[in-house]
Amino acid sequence: MAKMEVKTSLLDNMIGVGDMVLLEPLSEETVINNLKKRFDHNEIYTYIGSVVISVNPYRSLPIYSPEKVEDYRNRNFYELSPHIFALSDEAYRSLRDQDKDQCILITGESGAGKTEASKLVMSYVAAVCGKGAEVNQVKEQLLQSNPVLEAFGNAKTVRNDNSSRFGKYMDIEFDFKGDPLGGVISNYLLEKSRVVKQPRGERNFHVFYQLLSGASEELLNKLKLERDFSRYNYLSLDSAKVNGVDDAANFRTVRNAMQIVGFMDHEVESVLEVVAAVLKLGNIEFKPESRVNGLDESKIKDKNELKEICELTGIDQSVLERAFSFRTVEAKQEKVSTTLNVAQAYYARDALAKNLYSRLFSWLVNRINESIKAQTKVRKKVMGVLDIYGFEIFEDNSFEQFIINYCNEKLQQIFIELTLKEEQEEYIREDIEWTHIEYFNNAIICDLIENNTNGILAMLDEECLRPGTVTDETFLEKLNQVCATHQHFESRMSKCSRFLNDTSLPHSCFRIQHYAGKVLYQVEGFVDKNNDLLYRDLSQAMWKAGHALIKSLFPEGNPAKINLKRPPTAGSQFKASVATLMKNLQTKNPNYIRCIKPNDKKAAHIFNEGLVCHQVRYLGLLENVRVRRAGYAFRQAYEPCLERYKMLCKQTWPHWKGPARAGVEVLFNELEIPVEEYSFGRSKIFIRNPRTLFKLEDLRKQRLEDLATLIQKIYRGWKCRTHFLLMRKSQIVIAAWYRRYAQQKRYQQIKSSALVIQSYIRGWKARKILRELKHQKRCEEAATTIAAYWHGTQVRREYRKFFRANAGKKIYEFTLQRIVQKYFLEMKNKVPSLSPIDKNWPSRPYLFLDSTHKELKRIFHLWRCKKYRDQFTDQQKLIYEEKLEASELFKDKKALYPSSVGQPFQGPYLEINKNPKYKKLKDAIEEKIIIAEVVNKINRANGKSTSRIFLLTNNNLLLADQKSGQIKSEVPLVDVTKVSMSSQNDGFFAVHLKEGSEAASKGDFLFSSDHLIEMATKLYRTTLSQTKQKLNIEISDEFLVQFRQDKVCVKFIQGNQKNGSVPTCKRKNNRLLEVAVP
Ligand SMILES: Nc1ncnc2c1ncn2[C@@H]1O[C@H](COP(=O)(O)OP(=O)(O)OP(=O)(O)O)[C@@H](O)[C@H]1O
Ligand SMILES: [Mg+2]
């Protein structure tokens, strides 16, 4: 997205006024107050039109950051608050885009910040111009030339810790794209007197201190130097150290810078050797030695230093020594050698030191130029930066100050000329009527100094070249004669009576009313300094040096090129170079930075109004403003003007369709600005009075507030509306979704209801159809049946006569057959279980099948019994046979019988075989024992009972004693005739014996046993199988028993409860034995 252009203006957020052209009312006081107000708010830059006024803040401000560079890059001059970057940008862009060579003229007094300003301009241009390895190297070399020149050309003075003691003009060259190609530096008049003598509180050039502090011991030894400053006469001691300045670190910086600029190691070495030689020269001292002719001749006191110098520089010691004692004057091929007295020797020494140093400095500048010069021959665009020493007014002003101030006069001159010229040109360009402007033109002062016939410099030269005795006084006299009438020249000695009584004007001085103030110059030294004399002996000695650099510095020392013509004087040299400079500057588009020093203390935050007032005065700032405002105070191109004020008129706001100029016209008419207050140029509107501009500004401010309110209003409205629309949209979306959802739900409900109803209806319909179909079917069936019956009836009616005779019988048989068949088939499924004791049997279906049914039951029972029996083993069979026998014999006859059914018949209860007690008994019986059981034998006499072992074998019945096992009786079975017993529930039984048999002699036996049924059954079966005769078993409650001869009746009485459940037997009389059965 394109960056949104924010249109700002210098007029925004102004502290005081950013452009003093707008100052109202305009006076010295308001100018100073405005500067002060801005200075107090850290706004150190203020404009006068396109001129930048810079007040030295004496502290680092955060206004030179890369971000600031970006801010000012490609912005219009009046768009942002005043800044040196704005001027730099304007100059650079005008150079790059409009192909106009530029010069940046930085003026101001010592310590006002000129050098800093020049560096800021250079660094800005370096930051915004092209990039790339080669370009960056050029930039770096240009920037690094500064520390080198500052080390050799700057010094601490009372006014400035880093005062430039030379003038510097640097041309930076660019190609058509605006990329830097290289540069050329011109230097102007180094203050070389400083090398040998410094005013109180000041220092020599930085390089001496830097060398002594920063050089390694090894380097110092090589240069034959000592670190101690106090060892050197040329170094003033009272301010050898400068606060906040690290000489040692600066030395490293300088060496590094020299390397970047392109100095070779041996070159750096040579330079330092020259510096060392200069330092050591100061230590050479002279003593007078009387000569025969009565004159004093100077002799070197201590030759050690001289020796070292000669070693360092490769000069023949005797040559140099002689040069300090003699002076050879050549005239008309004649050489005259005169001796030097001590003062002359010192003069020669100092002159040598000064020359050596100043020539070294010039050499350095040339060497740098060699490095930084553009490598191509293509046409170059040039931006010149002039950082020249500022106007100087000291207590003692000498030749240097005169020269410096002359230079400043010239600059002021060019400033006035160019400013006015530009103003005039602009008016012409814009087709505005030119009005004459009153201002002070310093051309007259320049003329006083530089006029070729009667200018001060011409006088000085004339005096220097004149034969005869020439002194500073004769020079002053000459001045007094020639310049006395000049209104800017003041001298006590002049014929002009104006200054005869002016005690502030000493006799040996003259005063010039410079544009920046009156300066009193001491004439002493003028002639000498202008001559800048170095005895030929010395220059020749130097030329003879083995040191290549030193040799090259003194070309006039070459005897082959001896030139008897006097070298040009310092004054004329300077005048010439200034003239060249001025010419150069005039070809370029000037940009001014006028530096102001806010206080004398080099301190931040202090604004000395008196001091500033003085500078404002001599810089002619007020005039500058006036010139600028002479016709019209403010001018602005139509587009930005319309852009800025278009909101003040309905026709132009918010958009003006036509040309900008017409828009501004409409605007100004609408605002009813008096016509004399403004003029329309070709491309700019010119406003005569700042008041009009401020009125416009006020209106604009007010309107902006209204507009802000309007924008706010509209924005709020828009915001609310957008919000509302959004809400509405959201509501619609929600409603739509909800409706959809609700409809969906309803639809689903309806659908499911419809389905239910549908299914019910379908069901109902289907059922109805089914019913109908069923009905139809039944009807059809009924019809068929009826038809069948009907047919049957018909047929029967027809055939009745044929079938009547036997149909009934056949039908009956058939039906019967069917019933029987059915009966049997059903019986097959109804037969009960195969258990013989299962009493179940299906009921009879038809009465006529009763007998069949019963028979079937019987057959079935027999069959299942047989089935049951078939499962038995032989042993089981025997047991069941016995049980069956018992059943036949006793069932329903003897009450005891039922209880015996469940008891298995065991036969031998006593284990005769195993019990050793009965061994005898066993041995006696050879047959198989069928029964062996203990029974009670009823005593025939009393009815009491005794226990006897009852044994039944195949053929015999045996009784044995229970204890001894001895056989008591043995009855063959053939002799047993009958067995009697009651019908009751008792175990009594009588065994009747055959009358007449051997066994019967003792009569029948009457026993009682728990196993009566078994015994009787077994006895019956054994007898039957042995004798083939059925044993008679009589069951009766009264029977007779044969006891020996007597027959005794045994009678069973029921219901005696006396002895519990045990039957008791009692002999009633001879004939009756009563057994009571419970
Ligand atoms: N823009 C600035 N920001 C911060 N400090 C500054 C600025 N300009 C100047 N100074 C301070 O003021 C001192 C003097 O400035 P500078 O050396 O530029 O003065 P000058 O005008 O070149 O003086 P001279 O004529 O003696 O060479 C600087 O060393 C620096 O400390
Ligand atoms: Mg300076």
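Our structure is the block above this text.
Note that the coordinates shown come from a computational prediction; the quantities given were computed from them, not determined experimentally.

## Details of the sheet that holds strand 30 (residues 1064-1067)
Here 4 strands make up an open sheet; going across it, the order is 28-29-31-30 and the pairing mixed. Looking at the sheet topology across the chains shown, the edges are occupied by strand 28 (1038-1043) and strand 30. Within the sheet, the average angular offset between the axes of one strand and its neighbour, ignoring direction, is 25°. Relative to strand 31 (residues 1072-1077), strand 29 (residues 1046-1054) runs parallel, the two sharing 6 bridges. Bridged to Lys1051 within strand 31 is Glu1074.

## A word on the packing of helix 14 (residues 399-430) against helix 15 (residues 443-450)
At a minimum axis distance of 9 Å, the contact between helix 14 and helix 15 shows a crossing angle of 140°. Looking at the two axes, helix 14 sits oblique to helix 15. Crossing hand, helix 14 versus helix 15: left-handed. From helix 14, Phe402, Tyr406, Glu409, Lys410 and Gln413 reach across to helix 15, where they touch Ala443, Ile445, Cys446, Ile449 and Glu450.

## Focus on the nonpolar core
Residues Phe152, Leu320, Phe324 and Phe510 are the most contacted members of the largest nonpolar core, which totals 208 residues. It is helix 13 (residues 342-372) that provides the largest number of residues to this core, a total of 14 residues. Residues in contact with Phe324, not counting those within four places in the same chain, are Leu281, Ile284, Phe286, Ser298, Ile300, Leu306, Leu340, Ala345, Ala348, Arg349, Leu352 and Leu538. The next biggest cluster of nonpolar side chains, apart from the first, holds 33 residues, and it includes Ala886, Phe905, Ile930 and Leu1019.

## Brief notes about helix 24 (residues 638-645)
All of the buried residues along helix 24 are Tyr638, Cys641, Leu642, Arg644 and Tyr645. Around the axis of helix 24, the buried residues are gathered within 165° of arc, so they sit on the same side.

## Section: the packing of aromatic side chains
The description of an aromatic ring pair uses the distance of the two centres, along with the angle that the planes make with each other. Scanning all chains against the criterion turns up 40 aromatic pairs. Ring-pair connections join several aromatic residues into one group, and the members of that group are Phe399, Phe402, Phe475, Phe489, Phe510, Tyr521 and Phe526. Over the face of the ring belonging to Tyr232 we find Arg231, whose NZ or CZ atom lies 5.9 Å from the ring centre. Sitting over the face of the ring of Phe326, Arg322 holds its NZ or CZ atom 4.4 Å from the ring centroid.

## Points about the site of ligand 1
Close to ligand 1 lie 18 residues, the nearest being Ser110, Lys114, Thr115, Ser163 and Ser164. Between Tyr64 and ligand 1, the recorded distance is 3.1 Å, taken from a side-chain N or O atom to a nitrogen atom. The backbone of Asn162 places a nitrogen or oxygen atom 3.4 Å from an oxygen atom of ligand 1. Considering ligand 1 on its own, with 620 Å² of exposed area, one finds that the protein chains cover 86% of that surface. Along the lines of polarity and charge, the residues of the shell around ligand 1 split into 4 nonpolar, 10 polar and 4 charged.

## Describing the pairing of strand 22 (residues 956-961)
Among the 6 residues in strand 22, 6 count as buried, and that is most of the element. Along strand 22, one buried face is formed by Asn956, Leu958 and Ala960 and the opposite face, lined by Leu957, Leu959 and Asp961, is buried too. The turn linking strand 21 (residues 945-952) back onto strand 22 is made up of 3 residues. Of the pairings in the sheet, the one linking strand 22 to strand 23 (residues 967-972) comprises 5 bridges and is antiparallel in character. Note that in strand 23 the partner of Leu957 across the bridge is Val971.

## A few points about a positive patch on the surface
On the surface, Arg762, Lys765, Arg767, Lys768 and Arg771 cluster together to form a positively charged patch. Among the secondary structure elements, Arg762 is positioned in helix 26 (residues 690-830). Judged by its relative accessible area of 54%, Arg762 is exposed.

## Concerning a negative patch on the surface
A cluster of acidic residues, Glu395, Asp396, Glu473, Glu477 and Glu524, forms a negative patch at the surface. Overall, Glu477 belongs to the partly exposed group, its relative accessible area being 46%.

## Some details on the environment of Thr977
Note on placement: Thr977 falls in strand 24 (residues 976-981). Note on Thr977: relative accessible area 34%, which makes it partly exposed. Separated by 17 residues in the primary sequence, Thr977 and Lys994 place their C-alpha atoms 5.6 Å from one another. Setting aside its immediate chain neighbours within four residues, Thr977 contacts His992, Leu993, Lys994, Leu1031 and Asn1032.

## So, the coordination of the magnesium ion (ligand 2)
The textbook angles at a metal center are 109.5 degrees for a tetrahedron of four donors and 90 or 180 degrees for an octahedron of six. Of the protein atoms, only Thr115 (OG1) and Ser164 (OG) coordinate the magnesium ion (ligand 2), at distances of 1.8 to 2.1 Å. With Thr115 in helix 4 (residues 114-128) and Ser164 in strand 5 (residues 163-164), the pair connects residues that are 49 residues apart, well separated along the chain. Across the pair, exposure class does not vary: Thr115 and Ser164 are buried alike.

## Remarks on the pairing of strand 30
Looking at chain direction, strand 30 and strand 31 are connected through 4 bridges and run antiparallel. Residue pairing for strand 31: Thr1064 is matched across the bridge by Ala1076. Turn length for the strand 30-strand 31 hairpin, with the two strands adjacent in sequence and antiparallel, is 4 residues.

## Structural notes on the sheet that holds strand 19 (residues 684-687)
Reading across from one edge, 17-19-18 is the order of the 3 strands in this open sheet, with antiparallel pairing throughout. Pairing within the sheet leaves two strands with one partner each, and these edge strands are strand 17 (634-637) and strand 18 (678-680). Within this sheet the neighbouring strands show an average axis-to-axis angle of 15°, counted without direction. With 4 bridges joining them, strand 17 and strand 19 adopt antiparallel strand pairing. Bridge assignment links Ala637 to a residue of strand 19, and that residue is Lys684. Running at roughly 120° to strand 19, helix 14 makes contact with strand 17, strand 18 and strand 19 of the sheet. Strand contacts of helix 25 (residues 660-670): strand 18 and strand 19, with the helix running at about 155° to strand 18, the strand carrying the most contacts.

## Focus: the environment of Ser947
Among the secondary structure elements, Ser947 is positioned in strand 21. Between the C-alpha atoms of Ser947 and Asn250, which are 697 residues apart in sequence, the distance is 158 Å. Excluding anything up to four places from it in sequence, Ser947 contacts Val934, Val935, Asn936 and Gln962.

## Considerations on unusual backbone geometry
That bond from Glu24 to Pro25 is cis: its omega, -5°, falls within 30 degrees of zero. As for its position among the elements, Pro25 is in the segment before helix 1 (28-40). A cis geometry characterises the amide bond from Trp653 onward to Pro654, with omega recorded as 0°. Structurally, Pro654 can be placed in the loop between helix 24 and helix 25. The backbone of Lys224 sits at a positive phi, close to 55°, despite the residue not being glycine. Mapping Lys224 onto the fold places it in the loop between helix 8 (217-222) and helix 9 (247-261). Among the residues examined, Lys224 registers a relative accessible area of 28% and is labelled partly exposed. The phi torsion at His605 lies on the positive side, around 70°, for a residue other than glycine. Note that His605 resides in the loop between strand 16 (589-596) and helix 22 (609-618). His605 sits in the exposed class, given a relative accessible area of 56%.

## A closer look at the pattern of salt bridges
Throughout the structure, instances matching the rule amount to 61 salt bridges. Between Asp179 and Lys177 there is a salt bridge, and its shortest N-O distance comes to 3.7 Å. On the accessibility criterion, Asp179 (12% relative accessible area) is buried. Residue classification places Lys177 among the partly exposed residues on the basis of a relative accessible area of 46%. Residues joined by salt bridges that share partners form a network here, namely Arg165, Glu191, Arg194, Glu202 and Glu392.

Quick notes on the rules
Residues numbered from 1 in each chain as written. Chains lettered and ligands numbered in written order. Predicted model: local features only at pLDDT ≥ 70, side-chain atom pairs only at ≥ 80, totals over all residues. Heavy atoms only, no water. Pairing = 2+ DSSP bridges. Helix = DSSP H or I, 4+ residues; strand = E, 2+ residues; numbered from the N terminus. Axes fitted to C-alpha atoms, helices over the stretch in contact; angles between N-to-C directions. Parallel < 35°, antiparallel > 145°, perpendicular 65-115°, else oblique. Left-handed = near helix turned anticlockwise from the far one by under 90°. Contact = heavy atoms within 4.5 Å. Core = buried A, V, L, I, M, F, W, Y, C linked by side-chain atoms within 4.5 Å. Buried < 20%, exposed > 50% of the residue type's maximum accessible area, 1.4 Å probe, protein only. Arc of directions from axis to C-beta. Phe/Tyr/Trp six-rings, centres within 6.5 Å; stacked < 30°, edge-to-face > 60°. Lys NZ or Arg CZ within 6 Å of the ring centre and 35° of its normal. Near = heavy atom within 4 Å. Polar contact = N/O pair within 3.5 Å; in protein donor to acceptor, adjacent residues only side chain to side chain. Areas by Shrake-Rupley, 256 points an atom, 1.4 Å probe, with all protein chains shown as cover. Nonpolar A, V, L, I, M, F, W, Y, C, P; charged D, E, K, R; others polar. Patch = residues over 30% accessible without salt bridge, like charges linked within 9 Å, V, L, I, M, F, W, Y side chains within 5 Å. Salt bridge = Lys/Arg side-chain N within 4 Å of Asp/Glu carboxyl O. Lys, Arg positive; Asp, Glu negative; His and termini not counted. Charge placed at Lys NZ, Arg CZ, Asp CG, Glu CD. Donors = N, O, S within 2.8 Å, 3.2 Å for Na, K, Ca; no water.

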